[in-house]
Protein chains: 2
Amino acid sequence: MNDFKVTPWEVSGSIDYEKLIKQFGTSRIDGKLTERLEKACGPLHPMLRRGFFFSHRDLNLALDDHEKGKGFFLYTGRKPSKGMHIGHMVPLTLTKWLQDKFKCNLYIEITDDEGFLHKRDYSWSDVQAAAAENIADIAAIGFDPDRTFIFKDSEYIRNMYPLLLRAARKITGSTVKAVFGFDDATNIGLSMYPAIQTIPSMFEKKRCLIPCAIDQDNYWRIQRDIAEGLGFHKTSAIHSRFLPPLQGVEGKMSSSAGAQTAILLTDDEKQVKKKINKYAFSGGKDTVEEHRKLGGDPTIDVPFQWLSIMFEEDDKKLAQIREDYVSGKILSGEMKGILIEKVNEFLLSHKKARENAQVEKMMYSGKLAKKMWDTVHE
Amino acid sequence: MNDFKVTPWEVSGSIDYEKLIKQFGTSRIDGKLTERLEKACGPLHPMLRRGFFFSHRDLNLALDDHEKGKGFFLYTGRKPSKGMHIGHMVPLTLTKWLQDKFKCNLYIEITDDEGFLHKRDYSWSDVQAAAAENIADIAAIGFDPDRTFIFKDSEYIRNMYPLLLRAARKITGSTVKAVFGFDDATNIGLSMYPAIQTIPSMFEKKRCLIPCAIDQDNYWRIQRDIAEGLGFHKTSAIHSRFLPPLQGVEGKMSSSAGAQTAILLTDDEKQVKKKINKYAFSGGKDTVEEHRKLGGDPTIDVPFQWLSIMFEEDDKKLAQIREDYVSGKILSGEMKGILIEKVNEFLLSHKKARENAQVEKMMYSGKLAKKMWDTVHE
């Protein structure tokens, strides 16, 4: 049967997203909600209007607060890893769109502590090197430098510490065992870590909205257990599906699982071409003749899925591509060609943006960053 | 039988110190060691020559390093609590003596995080208020302001964080359960805390010597398990007995257990007189006649014990007092009178020293403090 697993550290199998909504106790993003979003933002981002962000917690309350003029703030984060890939850009891309639309503050936590605690063979300088690369990639997305604070836990820990202690005091060993599958062999740093990831959701007395992949929801369940007792709001969240790995529509992309699953942000045009042509799972038929006659299946075709999720914003064009694929007019190789061009455009523009990214402002000298460095959270 | 318990959070019963040495796997401070100490320092502090510090780990190695010219450094600490009492001054007093003799650096960790995590009903501002008071009392002891760094964990956490993560990654939940009696109901902050207490023992690449009461040894067992793997020395330690509480020679003094057990540093002359006269357990006989005839028992007489441990440095005078007590010449009330005078002298001079204590220098601007604020420990 369809066995699947979704935790912050493992995503595998053919994921039944409807089941996840029930399992995690979240809510589906329904038509009523997308209408409210549209009223607030204008035309929706493709990831929202195509249902790639499919689940939420209390998004309605965040919209209430917006409508009342109280507003909300955004929070996302990243555990440093050696190569960022296209999949990592998914929640960040929607986060930028939300910041543009709602003109709100955004906190981006770089969890260098988690990265280090999670991997025994990672040295501190490995983690720091990865963090620096990742931050440059994140800043390149072009968030508002005066409304965005990117920070490493290791640098900001002192400012978070009193609130962190208050949070940690409310979380028992039993809870993190149940929620994260920790056991007595887990190191005490990692067992304590979940408290750290809840803190930025309490950086303001407003409600927080977290755009993330569904596998991060465990943290927000803990946050929602403790936040009100600490004098803050339960966080809201919107959850995405996973961008499928190249080799097929199961599991999620991973930098460490090797070249065949992911396009890295550092891949050059040739590598992109080679990876997609060689590894991308196709929904096409085995022979051209058969394909022309029977057509391809876009629901399992990874290139089409990527276009739909991330690389073809134009609904009409996407519909045309689907139609032509189903009818057999577009061959699998041609579908791959369309994606290769789009991915290379994206990477080229990302690389340019990275060179001019306002890292320093988002981390230290921008309006929000400056304010944050003067704040100790209690 | 003699049931007793010694953990960092509970000391009770009639403590068999010989048994503790075996139980904890430490070593007795024997004549050979005190001779070596005497060679290095001159005449020993009464707490050493009278065996109040009775146990050690690797003190010989610290002395080796001293003799080789490599030297060692000192580390002690304090969990903030509302009132410091005489018992808290015991390890600190010997620490000052050691710093004077060995002219070495001293780190004093104020564990405001532990204080907060340990007590559910303590607010952050409660802990901070207690910390400020405690620091003033500690600084009053008169450590060398250029060789002493007093810091609160909450302020220095960023500087310790990379090394803390390295330490925490090496300690499992099983270990802290076994060593500290934690369980799954323990909050994740407290479970992680033992890693924090090991860090200052790795502030330098030299060997660390920790003067402490024997109940703190659990932490050093953990430190000694991980230090070499992190590139540092296993710490040395010397362990004291407990200053007996006023009401009798069992357990240890506690500020929170009420007025009858402890003399607080803030007690005035009248309070000292009243507490000692009213609560101090006496080794004397029930009637004056009987006492004159049979004499008192100094081994269970708390006033005599306090004189011996802390308040009468002159061996000859102490021997005379003992003799006169055993012979019945000194009555219980007179013994109490001797102690009252000594304690009041001590507190008066402490209060004066507190007014001129170099808190700011030891925390921020002294030679060692300045260097420490520029250091991130990895």
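Residues numbered from 1 in each chain as written. Chains lettered and ligands numbered in written order. Predicted model: local features only at pLDDT ≥ 70, side-chain atom pairs only at ≥ 80, totals over all residues. Heavy atoms only, no water.

Draft legend 1. Representation of the side chain of S154(B). For S154(B), the location among the structural elements is in helix α8 (residues 153-169). There is a polar contact of 2.5 Å between the side chain of S154(B) and the side chain of D112(B). When residues no more than four places from it in sequence are discounted, the contact partners of S154(B) are R158(A), Y161(A), D112(B), W124(B) and Q128(B). (Helix = DSSP H or I, 4+ residues; strand = E, 2+ residues; numbered from the N terminus. Polar contact = N/O pair within 3.5 Å; in protein donor to acceptor, adjacent residues only side chain to side chain. Contact = heavy atoms within 4.5 Å.)

Draft legend 2. Region of the structure containing the interface of chain B and chain A. With 37 residues of chain B in contact, the opposing surface of chain A contributes 37 residues. Of the roughly 3,200 Å² buried at the junction of chain B and chain A (both faces included), carbon and sulfur atoms supply 65%. The interface formed by chain B and chain A contains two salt bridges. Across the pair D184(A) and K177(B) runs a salt bridge, and its minimum N-O distance is 2.9 Å. In this assembly, chain B and chain A are joined by 22 residue pairs in polar contact (both at pLDDT 80 or more). Residue assignment for the side of chain B that touches chain A shows that the elements contributing at least two residues are α6 (112-118), α8, α9 (173-180) and α10 (188-198) of chain B. With eleven residues, α8(B) is the largest single contributor of residues to the side of chain B that touches chain A. Of the residues in the side of chain B that touches chain A, the class split is 17 nonpolar, eight polar and twelve charged. (Buried area = accessible area lost by both parts, 1.4 Å probe. Salt bridge = Lys/Arg side-chain N within 4 Å of Asp/Glu carboxyl O. Nonpolar A, V, L, I, M, F, W, Y, C, P; charged D, E, K, R; others polar.)

Draft legend 3. Quick look at the sheet that holds strand β6 (residues 106-110) of chain B. All names here are of chain B. Strand order in this open sheet of seven strands is β3-β4-β9-β8-β5-β6-β7, and the pairing throughout is mixed. The open sheet has two edge strands, β3 (27-28) and β7 (148-152), and neither has a second partner. Relative to strand β4 (residues 53-57), β3 runs antiparallel, the two sharing two bridges. The residue of β4 that forms the bridge with R28 is S55. In the packing of helix α5 (residues 89-102) onto the sheet, the strands contacted are β4, β5 (72-78), β6, β7, β8 (207-213) and β9 (236-240), and the crossing angle to β5 comes to about 160°. (Pairing = 2+ DSSP bridges. Axes fitted to C-alpha atoms, helices over the stretch in contact; angles between N-to-C directions.)

Draft legend 4. Seen up close, the packing of aromatic side chains. Residues and elements named next belong to chain B. Tallying each qualifying case throughout the model produces 44 aromatic pairs over all chains. With a centroid separation of 4.9 Å and 55° between ring planes, the pair formed by F72 and F102 is classed as tilted. On the criterion of sequence distance, the pair formed by F72 in strand β5 and F102 in helix α5 is long-range, its members being 30 residues apart. By the burial criterion, F72 is buried, and F102 matches it. (Phe/Tyr/Trp six-rings, centres within 6.5 Å; stacked < 30°, edge-to-face > 60°. Buried < 20%, exposed > 50% of the residue type's maximum accessible area, 1.4 Å probe, protein only.)

Draft legend 5. Structural context of the sheet that holds strand β7 (residues 148-152) of chain A. All names here are of chain A. The strand order across the open sheet built from seven strands is β3-β4-β9-β8-β5-β6-β7, with neighbouring strands paired in mixed fashion. A strand with exactly one partner marks an edge of an open sheet, and here the two such strands are β3 (27-28) and β7. Note: strand β4 (residues 53-57) against strand β9 (residues 236-240), four bridges, orientation antiparallel. When the bridges of β9 are listed, F53 appears paired with S240. Across the face of the sheet, helix α8 (residues 153-168) comes into contact with β6 (106-110) and β7 while running at roughly 105° to β7.

Draft legend 6. A look at the packing of α9(B) against helix α11 (residues 217-226) of chain B. Residue and element names in this part refer to chain B. For the pair α9 and α11, the least separation of the axes is 10 Å and the interaxial angle reads 150°. By the angle class used here, α9 and α11 are roughly antiparallel. When you trace α9 past α11, the crossing you get is right-handed. Packed against α9, whose contacting residues are T175, V176, V179 and F180, the element α11 presents N218, Y219 and I222 at the interface. Each residue belonging to the contact of α9 with α11 can be placed in one class, and the counts come to five nonpolar, two polar and no charged. (Parallel < 35°, antiparallel > 145°, perpendicular 65-115°, else oblique. Left-handed = near helix turned anticlockwise from the far one by under 90°.)

Draft legend 7. Local environment of the relation of the copies chain B and chain A. Each copy of the sequence occupies a distinct position, and chain B is placed on chain A by a rotation of 180° and an axial shift of 0.0 Å, giving an RMSD of 0.0 Å. As the rotation angle and translation indicate, the two copies are arranged about a two-fold axis. Residue R158(B) of chain B places its C-alpha closer to the rotation axis than any other residue of that unit, at 2.7 Å. The fraction of interface residues of chain B whose copies in chain A are also interface residues reaches 100%, indicating that both copies meet through the same surface. (Least-squares fit on C-alpha atoms with pLDDT ≥ 70 in both.)

Draft legend 8. Region of interest: the side chain of T26(A). All names here are of chain A. Here T26 shows up in the loop between α1 (17-24) and β3. Residue classification places T26 among the buried residues on the basis of a relative accessible area of 9%. Among the polar contacts listed, one links the side chain of T26 to the side chain of S55, at a separation of 2.8 Å.

Draft legend 9. Structural context of the pairing of β8(B). Residue and element names in this part refer to chain B. Of all seven residues in β8, seven are buried; the element is thus mostly enclosed. Where β5 lies against β8, three bridges are found, and the strand directions are parallel. Its bridge partner being in β8, L74 is matched across the sheet by L209. Once you follow β8 into α11 and on to β9, the crossover reads as right-handed. (Right-handed = clockwise from strand over helix to strand, strands pointing away.)

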